[in-house]
Structure formats: C-alpha cells, structure tokens
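Chain by chain, the residues run as shown.
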Amino acid sequence: MSSFFTAPAGEKKRKRASANEAPQKRVATGKSTGKPASARAPAAKSRPAAPKKAVERDESISGSDIDSDDGDHHIEREDGSEGEEESDHEGETAAEKRLRLAQRYLDKARQEVELEDEYAFDAEQIDRDLLAERLQEDVAEAKGKVYRQLASKLDFDKAAHTQFRWNSGTVTSVSVCAPYAYTTTKDGYLTKWKLQDLPKNQWPQTTKKKPKKPPAPPKKKPERVCFNRANPTKAKDKTYQGHTNAAILTVRASADGKFVVTGGADKRMVVHDAETLKPLRAFTQHRDAVTSLAFRRGTNQIFSASKDRTVKVWSLDELAYVETLFGHQDEIPDIDALAGERCVSVGARDRTARYWKVPEESQLVFRGGVSEKKSHKNRDQAVNHDGTMDQVAMIDDELFVTGDSAGTLALWGINRKKALFTQPCAHGIDPPLKPTEVSADANPDESVVPTPQPRAITALRTIPYSDVILSGSWDGFVRVWRLSEDKKKILPVGVLGSSTALQQLDQAEAQKQKEEAKQKAKEGKELATASSGEEQADDEASLDGSQDKKKKQESGLIRGIINDIAIFERGNRGRDGICIVVATGKEMRLGRWKYMKEGRNGATIFEVPKVAKRAGAKGEESDDEEEDEN
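## A few points about the sheet that holds strand S4 (residues 189–194)
Pairing between the strands of a sheet is mediated by backbone hydrogen bonds and can be parallel or antiparallel.
Inference 1: Reading across from one edge, S2-S3-S4-S5 is the order of the 4 strands in this open sheet, with antiparallel pairing throughout. On the outer flanks of this sheet lie strand S2 (171–177) and strand S5 (223–229), each paired with one strand and no other. Adjacent strand axes in the sheet meet at a mean angle of 20°, parallel and antiparallel pairs treated alike.

Below is the structure:
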C-alpha cells in the first residue's frame, strides 16, 4: 500500500492549480517591468530552477514573489561578484541562511581571537576555550551586563605618568576619541591634543638591516593641534553659533570622531566639527548653565544636564532637539549613559540619583545621603555629614556608582532603592587646621579648631562593562577600585602610578646628592678639622631630605583638584593596556569654594600596562595537567 511517505520521490507532487484557473496564492510585490507575463516567461525558464520546496518556504518568509523580483536582479548583476554570491545561495532555506551567517561570524571571531592573544596555539581545545570566551563576552555586552574582569589584568602601580600644562585657566573637563583628547577651561578655551603612541609604535623599523644608531627617545607629551575660544562680544548676537561666556564646563567627543560637544555657563550647548573645532550649531533650549554631557554609546544621541534641573535629549545626526526629562529638585551636576537608551543623573542637594528610561518615559529614584551624625571625642576623626550627590558613573545597564561631597562612594542597583554598598571617606580626611589659622588671637584655644572634614569626590569614571572604577579628589592621587565578584561591594585596588612615583623620587634625590657632592668637591670646602661638624650637617641634610620625600609622597602625584577623568583602551580590545587622562586645576569645576594655591592648571596622562605574563605559565599548566592524569 503506497502513501505519501512510501511513494518514490518522483511521485511526491503537490496539487497544482489548473492552467485555466487564476493563481490564488499570492500577488507579486516586486518591481513591475511593464511587460506581460508571457514576455517574462522565457527569461524565467532560461534561468536554472531552484528546488520547489525551498522556493515555497522562502516565499512564505519574505512575502515576495521570487520569479518577478530575483529575475531582474539576476540580469543586472550577471557580471558582478554580488550577483554570483546571491545566485550561489539562491535556493537556501531560512535555517541554512542562519547557519551560514553563524559560521561566518565564528570565522571572524576566531581570526580576531588569534590576533588578540599572542600565546594562542593551534590546539583544538585552546581554540575552543578562547572562542567560547569571546562569544560569552559578545552576548553579555548585548545584554548590557558586566563581562570583563580587568582589575586583575592591569598593573596600576606601574603606570607611567606625564604632566602637561599651558597658559590657561582651570581645566574643567576632558574627553578622548583616540588618538585625540579635548580639554575645556574656565577662561573659554576648547583645545584639541594629539596623544602620543606607545614607545614601541613611535619609531618603527622600516628596513631589515640593523640600525647603526640607537632609536630616538620616545615622545611623551601630547601635541596641541588647534583650539577655539569663547567670544564674549557676541553675547547679544543671536546668529552666533559659538560660546559667548568665558567658562566652558564640560566637553564630550562622539565615538565616530565627527562631533565635539561642549556646554558652558552661557546656557549654550555647542556642537563643533571634531577636525577643525569650528562651531556647527548652538542650542539655547536650556535656561541655565549646561553642567554635564553624555553620549549614548556607539550612537550620536546625547544627553545634557543643566542647572535648570532638566535633562534634555538631542540627536546630532539631524542636529535636532528630541525631548526634555523632568524630575530633579536641584541642579544636575553630572550625567552618564551607556549603549541602552537609558541614562543616570544626580541632583546635588536633592540627594537623589535618577535612572531614566527614555522609551518608556519613566524614571527610578534612588535616595542617598541618609546617615546618622555621631559625635567623636577624637577631633582627627571626621563627622559623617550628609553630602550633595555630585558624581555618577554607570558600570553596566543595571549597576552604577555615585560620589558625594562628603567623600562617600556608593554602589547602586536598579532592583533596590537603597545603596548596595557605601565606602565612607574614600579619599581620606583633610589635615586639621592650626589654631592660628582659625583665630586671630595671639594664643588661640584649641577648642576653636573645627572638626576635620573628608575630601569630596570631584571626579568619577568607570571602564564600561568591567569591574574597574576610578575616583579623584584633591589628595593628589587617582584611586582605583574594583567591583566584587558577587557585584555587591566595592573593593580598593590601589593608587595609579604609586611605584613609579617612588622610583622617580629616589632618582631625583640621588641626582641631587651627586650634584651637591660635585659642587662641594669643586669649591674645596671639605676640611679635616671640621669633619665632625660636616657629619652633623650631613645628618641634618639627610633628615631634611627624608622629610621632604615624605611630604612629596603625602602630596601625591597630581598637584591640584581633579575635575574630570577620561579613559580609552590601547590596541584591539585593550591588548596593550589603557590610557587615562586626568584634568586638574587650582579651582573646582563648578565653583571656587575650594582653592589650591599650589595646584596646577593642566592635565596628567597615565599609561597603564597589562600584567606581564610569565614565560613558563603555559608549560607549568600543561605539567600540572599531566600529573593529574597520572
């Protein structure tokens, strides 16, 4: 007994409509050529026919008639490579197409992994592990979750630093779009800098011959490319597209390198051409100073925060205003965003952080600053006052960190209204004032000395989708923190460039001692009769030198207040480490209530290398595996 399943393949035919009946299945939606069906029939017959079942499945998925649509494209692209590729995959099903695209993605990922890892081998198991790790990272990034554990792979202690400055006011903000950095100042300057490459990439060898001369020393300080300045004389000119007030408070550069956006105290947000810094468009919708900007990662959509208590959304592709977000009860000093259509802002004295869901037109409110005031008998210990929320940085789409004027670093999650973890006095406490500095009396009482206060967090930045957090204040250091594995705590890692700073201090002291010894030998002031007195003087000088060294260590690497931090990765996916640019000044970014006379208006560049891999690490692992097998 024959059936559809037992019949030969040649007899498996579907029921077709007769020639006299009109086709009732689908009307063609492709381009009409203006010819009758009889004229197009020979062209369709001359082309090799695809399998009937595959054609019917493609029709049901795409909703278009293949004979009428593909025939024209086949004739137009007959000599091109694209037409040949389409003709090769013309009869494939939807499942076969997904499989082909997945195979292409795996091949591309495998090539990138081999280029990334210099220790990659051809062994099948190692290749599988590296590829699986890369696929997991891609999936985690698409979901907006932490997927990179970089704190243990970067050597922050050995970070080399380079300071540079110019004749300008306090540097308020910095942004990086490699290899360029953009800085803004309180006296109205927007400056473009070209950062130097790593030393190994600055002087590449062009010939196979061994060079006779040693290579030139590497360049460290960046080169100034161009600058633009605010024009106060154009304050009443409504057609002027630049800044009209001296103070430019924030700057951000787009990821594609086309736009540089600045916000100033003149209530303007100005879009500049990244190549020439020429102003393209000035937006005046804000009613007060623009204090912070944040690009949506990978797009030209930008969020702006202002002292008028609003967040505005803009699209730079159309140079247009999109919408306004309301909710804060005080000025908004900082805002941050990642790849999703979300952003987080902090409201200063309203002590709230707001997580904005732009498509849903909703917001989540997180209230901080609720702490108990306790009296301390020891005046060296600060009282934990409620501070204003001034800084925010997103870790992923569900976690973010905030910093306040009381020096507290807090970790938040969108699924909980209270902070997951708080770190009080993250940058220490200011030293107590002397009685003579507080009172005008000749012999003031020590009771008039106020309680020492913690240092405020003035800058906060993260590496997106990783466990690295950087914070800055006026203690002279950029402190490094990491997110715990359970994503519920913030743990200290160290200080940027601590070991290199000590080495530089030791080298400077040794050089100073050599110069002093040579000068004394030339002058001939060493006398045998006064040897004891000279030994005592040398002991005092060494004691003074150790005290100076201790003071330099306490003062830190960075002289001034850290107003902003920018980070970018060196090499493909951070293969050569990361570069950190820190903006410093004598004054704070949004005020003058803290002034450091010894500070410097400029910036500092830190080159953080990756932790060196041991040469025998792979061999040791293989030996351990063999022992386990035996």
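Further notes follow.
## Regarding empty space enclosed by the protein
Inference 1: Enumeration over the complete set of coordinates arrives at 3 cavities of 30 Å³ or more.
Inference 2: The space that makes up the largest cavity amounts to roughly 90 Å³.
Inference 3: If you trace the largest cavity, you find 15 residues lining it, with Arg 252, Asp 334, Arg 461, Asp 564 and Arg 589 closest to the centre.
Inference 4: Those elements that place two or more of their residues in the lining of the largest cavity are S2, strand S6 (248–253), strand S10 (290–295), strand S22 (459–462) and strand S26 (561–569).
Inference 5: A class-by-class count of the residues in the lining of the largest cavity yields 2 nonpolar, 8 polar and 5 charged.
Inference 6: In this structure, the second largest cavity occupies an estimated 60 Å³ of space.
Inference 7: Taken together, Leu 190, Asn 228, Arg 229, Ala 230, Tyr 240, Gly 242, His 243, Ile 248, His 272 and Pro 279 make up the lining of the second largest cavity.

## A word on the sheet that holds strand S24 (residues 478–483)
Inference 1: The 4 strands lie next to each other as S22-S23-S24-S25, forming an open sheet whose pairing is antiparallel. One side of each edge strand has no neighbouring strand; the edge strands of this open sheet are S22 and strand S25 (490–495). This sheet shows a mean twist of 25° between the axes of neighbouring strands, independent of strand direction.
Inference 2: Summarising the sheet, S22 and strand S23 (residues 468–472) pair through 4 bridges and their orientation is antiparallel. Each bridged residue has a counterpart across the sheet, and for Thr 462 the counterpart in S23 is Ile 469.

## Here we look at unusual backbone geometry
Inference 1: The omega torsion of the bond from Ala 178 to Pro 179 falls at 5°, within 30 degrees of zero and hence cis.
Inference 2: For Pro 179, the position within the fold is in the loop between S2 and strand S3 (180–185).
Inference 3: Residue Arg 309 is not a glycine yet carries a positive backbone phi of 70°.
Inference 4: Locating Arg 309 in the fold gives a position in the loop between strand S11 (301–306) and strand S12 (310–315).

## A short note on the packing of aromatic side chains
Inference 1: Under the definition given, this model contains 9 aromatic pairs.
Inference 2: Between Trp 166 and Trp 193, the aromatic rings sit 4.7 Å apart at their centres with planes inclined by 50°, giving tilted as the arrangement. Taken as a pair, Trp 166 in the loop between strand S1 (160–165) and S2 and Trp 193 in strand S4 lie far apart in primary sequence, 27 residues in all.
Inference 3: Chaining the aromatic ring pairs together yields one cluster made of Phe 164, Trp 166 and Trp 193.
Inference 4: Across from the ring centre of Tyr 180, 4.3 Å away, lies the NZ or CZ of Lys 192, which sits over that ring.
Inference 5: Over the aromatic face of Phe 366 sits the side chain of Lys 417, whose NZ or CZ is 5.4 Å from the ring centroid.

Cut-offs and rules
- Residues numbered from 1 in each chain as written.
- Predicted model: local features only at pLDDT ≥ 70, side-chain atom pairs only at ≥ 80, totals over all residues.
- Heavy atoms only, no water.
- Pairing = 2+ DSSP bridges.
- Helix = DSSP H or I, 4+ residues; strand = E, 2+ residues; numbered from the N terminus.
- Axes fitted to C-alpha atoms, helices over the stretch in contact; angles between N-to-C directions.
- 1 Å grid on protein atoms, 1.4 Å probe; cavity = no way out; pocket = protein on both sides within 12 Å on 5 of 7 lines; lining within 4 Å.
- Points joined across faces, edges and corners; volume = space filled by probe spheres on them.
- Nonpolar A, V, L, I, M, F, W, Y, C, P; charged D, E, K, R; others polar.
- Phe/Tyr/Trp six-rings, centres within 6.5 Å; stacked < 30°, edge-to-face > 60°.
- Lys NZ or Arg CZ within 6 Å of the ring centre and 35° of its normal.

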